[in-house]
Amino acid sequence: MNTKHSISRRAALKTFGVLGATFTALHSTETHAAEGIALPTRKPTRSGDARKTISEHVFKAPLVDTHEHLIEEKQRFEGATSSRVPCDDWALLFSHYLNSDLLVAGMPQADMNRFLSPKVEPAAKWKLIAPYWPAVKNTGYAQAVRIACRELYGVDDISAATVAKLQAGYEKTRRAGFYRRILCDLARIESCQVNSLTGEAFKESDMPTLLMQDISIVGMFAGPSFKQYAPATGIDVKALSDWHNVINWWFERYAKYAVAVKSQNAYSRDIDYARVPAEKAEPVFAKVLQKEPVSADERKLLEDHLFWYAVEQATRHALPVKLHTGYYAGQNSMPLGRLQHNPSSATDLCRLSPDTQFVFMHIAYPYYEEMLAVAKQWANAHVDMCWSWIISPVAAKDYFKKHLVTVPANKVLPFGGDYIPVEPVLGHATIARRGISQALFELVDEGWLTLNDALELVDMVMHGNARRIFRLAQKTEALKTVEWAKERRL
Ligand SMILES: [Zn+2]
């Protein structure tokens, strides 16, 4: 037995203990080391060494998480208070994304409602999902949850026999400080970028340097959402110019603290925003304000005008513009034909505003080959792989691998958990690190990259790109002194 080799492997496993499962998947021999059994005496192949070296680098590197919907930690202690926290037990981990796989696998909506109800005993919930579990347990959505249950609660196999342990683990974990423990200590995430879904255009977080925030611009142009944006500004909106001032107010107040702006408007239409002058938008805006009916064409015209108004503000304040592209969350709703146009429309946006840094999210899954072409061609196009590792872990690995030998490597943002509950972020980050390691190793193994080439990329993709694109050092400095989090710092 090669003692030195064994020690280094054991040390690595200790260092990355929480991610042991991932290491296990990548190095079958480590299973035995983790269980305290001697490693085989076989000398590892050079390719095995490369795999291990790459994994170690990827698992050690701090990761910037460029997209989440995390609610504030304090909101989690308020229990089942909103649709964002439907229940306060182990089923919560299934409530964002995995519920969709269960419904698509045939689980009746009524059973899902009971499963996520705060009124049903946690112990009684397993039998509601049991019939569908074998069908969904291997999807990315489920794997993220399973890794979280294993690493946080010590539950390897979710079943009737382990539900009590699952619930006990949930309660023990969900305590003050659990966001930092899960995100920083276990997932080794340096900072997150949150697109708050709780109503505010910009969330004044209690953990401003960890839960960094996007300004949500979707309601500035879709609707527009007068109730969401106008009251805080004190502006009485009577004309389009007033609404422009409402938009200005949000940027003047928060652009310094925000990392980017975000829109998920692609859930209702394509991202084909045309440049429309204010004169053309004004009469439509007046109709909308008076709650008069407007045609689809008129609505598009107003949205297009206001989209660019908000994007110009973002650009003036050096904020990148994050746009949802591709796959839809939920089930039984997605019109794939509409999504298919996203990459082509993305190139139009890049052409129409060369000074704007666009971040196209979710690799426009399933049209990710097209997104490689977009990012390769346009200097102002960046691709964020947020959510993609759990939509399709193998496709995400494929995208990442292709990106590195097709598109400049400084244009990929490799991870965003995209979760409301914090627990599965750990699972998602683990899957992403595993996929990134695997893609790099395959490129080396297939002769496209040297081991050195691969290792040189690790810091750039894991955190370097995000730090640069979103100017995170500068934002962190600004966020360290914000008034709204003062109490927390005392
Ligand atoms: Zn999202």
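Before any of the text, the structure's been laid out above.
Our subject in this report is the structure included herewith. (Residues numbered from 1 in each chain as written. Predicted model: local features only at pLDDT ≥ 70, side-chain atom pairs only at ≥ 80, totals over all residues.)

**As for the overall build of the chain**
Helices and strands together make up the secondary structure of the chain, namely 26 helices and 8 strands. Taking all 490 residues of the chain together, 47% fall into the buried category. Long-range contacts, defined as pairs at least 24 residues apart, comprise 72% of the intrachain contacts of the chain with a sequence gap of at least 6. (Helix = DSSP H or I, 4+ residues; strand = E, 2+ residues; numbered from the N terminus. Buried ≥ 20, exposed ≤ 12 C-beta atoms within 10 Å, placed from the backbone. Contact = placed C-beta atoms within 7 Å.)

**What to know about the sheet that holds strand 6 (residues 358–361)**
The sheet built from 8 strands is open, its strands ordered 1-2-3-4-5-6-7-8 with parallel pairing. In this open sheet, the two strands that pair with only one neighbour each are strand 1 (63–68) and strand 8 (412–413). Pairing analysis gives 3 bridges linking strand 3 (residues 211–216) to strand 4 (residues 260–263), with the strands arranged parallel. Its bridge partner lying in strand 4, S216 is registered against K262. (Pairing = 2+ DSSP bridges.)

**Considering the nonpolar core**
In this structure, A310, F360, M371 and M385 are the most contacted members of the largest nonpolar core, which totals 142 residues. Looking at this core element by element, the count peaks at 11 residues for helix 23 (residues 423–445). Both of domain 2 (78–173) and domain 3 (178–489) provide at least three residues apiece to this core. Contacts of F360, omitting those with residues within four sequence positions, involve L323, T325, A346, M371, V374, A381, V383 and D384. (Core = buried A, V, L, I, M, F, W, Y, C linked by C-beta atoms within 7 Å. Domains from an automatic or database assignment.)

**With respect to the pairing of strand 2 (residues 189–194)**
In terms of burial, strand 2 is a largely internal element, 6 of the 6 residues being buried. Note: strand 1 against strand 2, 4 bridges, orientation parallel. In the sheet register, V64 faces strand 2, and the bridge partner there is S191.

**What about helix 25 (residues 472–480)?**
Within the sequence span of helix 25, burial applies to L472, K475 and L479. Across the axial projection of helix 25, the buried residues extend over an arc of 60 degrees, all falling on one side. Turned more than 90 degrees from where helix 25 packs its buried face, A473, Q474, E477 and K480 sit exposed. On its buried side, helix 25 packs onto strand 2, strand 3 and helix 24 (451–469). (Arc of directions from axis to C-beta.)

**Quick notes on the packing of helix 22 (residues 393–404) against helix 23**
Between helix 22 and helix 23, whose axes approach to 9 Å, the crossing angle comes to 45 degrees. When the axes of helix 22 and helix 23 are compared, the pair comes out oblique. Considering how the two elements wind past one another, helix 22 and helix 23 form a crossing that is right-handed. Listed contacts from helix 23 to P393, A396, K397, F400, K401 and L404 of helix 22 are I431, G435, I436, Q438, A439, E442 and L443. (Axes fitted to C-alpha atoms, helices over the stretch in contact; angles between N-to-C directions. Parallel < 35°, antiparallel > 145°, perpendicular 65-115°, else oblique. Left-handed = near helix turned anticlockwise from the far one by under 90°.)

**Comments concerning unusual backbone geometry**
Between G223 and the following residue, P224, the backbone shows a cis peptide bond with an omega angle of -15 degrees. Structurally, P224 is set in the loop between helix 13 (218–221) and helix 14 (226–233). The step from Y365 to P366 runs through a cis peptide bond, and the omega angle for that step is 5 degrees. Inspection of the secondary structure puts P366 in the loop between strand 6 and helix 20 (368–377). We note that N332 has phi near 55 degrees; this positive angle belongs to a residue other than glycine. The residue N332 is located in the loop between strand 5 (321–324) and helix 18 (336–340) in this model. For N332, a count of 7 C-beta atoms within 10 Å puts it in the exposed group. Positive phi values are uncommon outside glycine, yet I363 reaches one of about 50 degrees. With respect to the secondary-structure elements, I363 resides in the loop between strand 6 and helix 20. C-beta crowding within 10 Å serves as the criterion here: with 33 such atoms nearby, I363 is assigned to the buried category.

**Some words on the environment of N265**
Mapping N265 onto the fold places it in the loop between strand 4 and helix 16 (278–289). Here N265 falls in the partly exposed class, since 19 other C-beta atoms lie within 10 Å of it. Measuring from C-alpha to C-alpha, the distance between N265 and A222 comes to 7.3 Å, with 43 residues separating the pair along the chain.

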